[in-house]
Amino acid sequence: MQTSDRRIAVVTGGNKGIGFAIARGLAQAGDQVLIGCRDDARGEAAAASLRAEGLVVDALPLDVTDDASIASAAKLVETRFGRLDVLVNNAGIALDRQTGTLPLSQIMRDTFAVNVIGLACMIEAFAPLLARSKAGRIVNLSSGLGSLALNSDPAGEYAAFKFPAYNSSKAAVNMLTVVYAARLADKGIKVNAVDPGYTATDLNAHRGTRTPAQGAAIAVRLASLDDAGPTGGFFDEAGVVSW
Ligand code: NAP
């Protein structure tokens, strides 16, 4: 087992989009970052491009829908570092726009498999390693579309976006944030959810209006909370988001 003075951070789905920008932001802050990726070649290419910027980044093979893959990733982190300081649950998919092509049952199941079940399984698998950190931090990528308060406001900015699978999966992410913040509090682990805002990535065919770096900033900030920081909350760059 090796130890490191740098914080050790895992970012799921870190090979592109907001996750890649989160990985860069954490590495620029001095962390040793492991980019979770389900495709080895794309993960290694992403890690290599950040190493070329002088950052300390490696690829970590990881499919969050595969229990064996999660267990292997946790074992690898334990063997190499003996602990984890930051887990950013960023991996996510949005399939609702494929309604008509895919059956709703598949859209719902596949969306929940990544966005919800994968996220919960990641927390369970990595919590023992985060408990060995002086300041374990978990950041869950949610969305304003997961807010019941914002979605039920007919005049709100999300009124037009009623996606059954994606919105309900992110509402579940919010609940998991509350649940695990309480369950892990006695280990000193803080768990928060973030809304990156409407960000131009493959997820929305680059319709988003924000850059990945802008979307990543709130996650990087919540991953770096000091002991006085909040836990069990939902935040965007402007502050608290209504559940
Ligand atoms: P993206 O560019 O499509 O990236 C998604 C990442 O998740 C990719 O690295 C993808 O890997 C990975 N992923 C998908 N399924 C996976 C699995 N089973 N196991 C491991 N990784 C998996 O999307 P993004 O916009 O950056 O989204 C990142 C997060 O932000 C998501 O949770 C999303 O819901 C959330 N979010 C995005 C927006 C927005 O406007 N973009 C707004 C609010 C919230 P592959 O490259 O292998 O597909």
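On a predicted model such as this, the values are computed, not experimentally measured, just so you know.

I tried to follow helix H1 (residues 17–28) on my own but got confused; where do I start?
Because each turn of an α-helix spans 3.6 residues, side chains separated by three or four positions end up pointing in the same direction. Over its 12 residues, H1 extends 17 Å from the first C-alpha to the last, a length consistent with the 16 Å expected when each residue adds 1.5 Å. Counting buried positions along H1 gives nine out of 12 residues, so the element sits mostly inside the fold. Turning to H1, its buried residues number three or more, namely Ile 18, Gly 19, Phe 20, Ala 21, Ile 22, Ala 23, Gly 25, Leu 26 and Ala 27. Two residues or fewer past H1, Gly 30 is found with a positive phi of approximately 110°.

Mind showing me how you'd approach unusual backbone geometry here?
Backbone geometry at Ala 205 places phi at a positive 50°, although glycine is not the residue there. Summarising the element assignment, Ala 205 is placed in the loop between strand E6 (190–194) and helix H7 (212–223). For Ala 205, a relative accessible area of 53% corresponds to the exposed category. One non-glycine residue, His 206, adopts positive backbone phi at about 60°. Relative to the elements of secondary structure, His 206 occurs in the loop between E6 and H7.

Can you walk me through the packing of aromatic side chains in this structure?
Aromatic ring pairs are described here by two measures, namely the spacing of the ring centres and the angle between the planes. Evaluated as defined, the whole model comprises two aromatic pairs. Aromatic side chains Phe 161 and Phe 163 sit 6.3 Å apart centroid to centroid with 40° between the ring planes, which places their arrangement in the tilted category. On the basis of relative accessible area, Phe 161 is assigned to the partly exposed category, the value being 31%. With centroids separated by 5.5 Å and ring planes inclined at 25°, the aromatic side chains of Phe 234 and Trp 243 adopt a geometry described as stacked.

Analysis parameters
Residues numbered from 1 in each chain as written. Predicted model: local features only at pLDDT ≥ 70, side-chain atom pairs only at ≥ 80, totals over all residues. Heavy atoms only, no water. Helix = DSSP H or I, 4+ residues; strand = E, 2+ residues; numbered from the N terminus. Expected span 1.5 Å × (residues − 1). Buried < 20%, exposed > 50% of the residue type's maximum accessible area, 1.4 Å probe, protein only. Phe/Tyr/Trp six-rings, centres within 6.5 Å; stacked < 30°, edge-to-face > 60°.

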